[in-house]
Amino acid sequence: MSAEWRTRCEAEWTLHGAPMPDSLDWKRVYEAKPFGRNLLKNPAPHGLSKDTPPPEPELPEVPTRGPPRFQPDGDFSGWTTSVEVLPYDTTGIPAGAVVCELPQYSWFSMEQVVDLKAEGLWEKLLDEFQPEIVIQDWYEESQVHESIYQLNVKLLGADKSTVISEHAVSPTEDLRTYSHTWKEVSHVFSGYGPGVRYVHFLHRLKNNFMVEFYPTLFTGSSVIVRPVKTSS
């Protein structure tokens, strides 16, 4: 029976040439469906889709002067979150000038660690076959600042600290134009070497508070494992 499940896994996921030990519970592997699905939990905490333009900021008729906010609304279950409030930027303000309001920026960080073995993958596959690990994310072109998004993804060893491969990106925005769209960030890990057991996904988005709160939103974060198809 186990051999039948192994054959099904091999055929459906194009694993020809991949190590497929007899010792594995292939029915459990098949039911886990480790390939082709998003391994991140709660990939859209704001309830938004990349297929719909991000909402325009809602400006109240009368500004509310409540306490400052530094993180957006959302259901962030599944994520570990943190906030870094940045000091006021007084660059370019002449000495002695009186300034009534200055924007205050904050980074809102969200991270997850994906346990690849717990998701149905196995050691010999990760070490020898090394399937592709595809990262994708979408962030809002919020015009909050020229630097509003950072991504850092690490492939980690069994100790959860040894970095086997890493990808980081910190794009710069062009504030001269305003299109207010979703911007895609993606990367494919391949040929990363043996020992990978975890994926650490971390992204940071910048928010702005000056009388009102102006966030930078995101959606569609994903970590997907896909087999490398062998040439015939």
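Before any of the text, the structure's been laid out above.
Residues numbered from 1 in each chain as written. Predicted model: local features only at pLDDT ≥ 70, side-chain atom pairs only at ≥ 80, totals over all residues. Heavy atoms only, no water.

(A) The packing of aromatic side chains, seen in detail. Under the counting rule described, the total for this entry stands at 8 aromatic pairs. With a centroid separation of 5.3 Å and 50° between ring planes, the pair formed by Trp 5 and Tyr 30 is classed as tilted. On the criterion of sequence distance, the pair formed by Trp 5 in helix α1 (residues 2-12) and Tyr 30 in helix α2 (residues 26-32) is long-range, its members being 25 residues apart. Accessibility expressed as a relative area gives 16% for Trp 5, which makes it buried. Ring centres 5.9 Å apart and planes at 25° place the aromatic pair Trp 13 and Tyr 30 in the stacked group. Here Trp 13, found in the loop between α1 and α2, pairs with Tyr 30, found in helix α2; they are 17 residues apart in sequence, far enough to count as distant. Residue classification places Trp 13 among the buried residues on the basis of a relative accessible area of 11%. Through a chain of ring-to-ring contacts, three or more aromatic side chains come together here, namely Trp 5, Trp 13, Tyr 30 and Phe 35. Its guanidinium or amino end placed over the ring of Trp 5, Arg 8 lies 4.5 Å from that ring's centre, counting from NZ or CZ. (Phe/Tyr/Trp six-rings, centres within 6.5 Å; stacked < 30°, edge-to-face > 60°. Helix = DSSP H or I, 4+ residues; strand = E, 2+ residues; numbered from the N terminus. Buried < 20%, exposed > 50% of the residue type's maximum accessible area, 1.4 Å probe, protein only. Lys NZ or Arg CZ within 6 Å of the ring centre and 35° of its normal.)

(B) Molecular detail of the pairing of strand β7 (residues 198-210). Along β7, 11 of the 13 residues are buried, which leaves the element largely enclosed by surrounding structure. Two elements, strand β2 (residues 104-115) and β7, share 12 bridges in a ladder whose sense is antiparallel. Looking at β7, one finds that Gln 112 is bridged to Phe 201. Inspection of the sheet shows strand β4 (residues 149-156) paired to β7 by 8 bridges, in the antiparallel sense. By the bridge assignment, Lys 154 is partnered in β7 with His 200. As judged from the 3 bridges shared by β7 and strand β8 (residues 212-214), these two strands associate in the antiparallel manner. Residue pairing in the sheet places Phe 209 in a bridge with Phe 213 of β8. Between β7 and the antiparallel strand that follows it, β8, lie 1 residue; Val 211 among them carries a positive phi value of about 70°. (Pairing = 2+ DSSP bridges.)

Bear in mind that shape data such as this cannot, by itself, settle questions of function.
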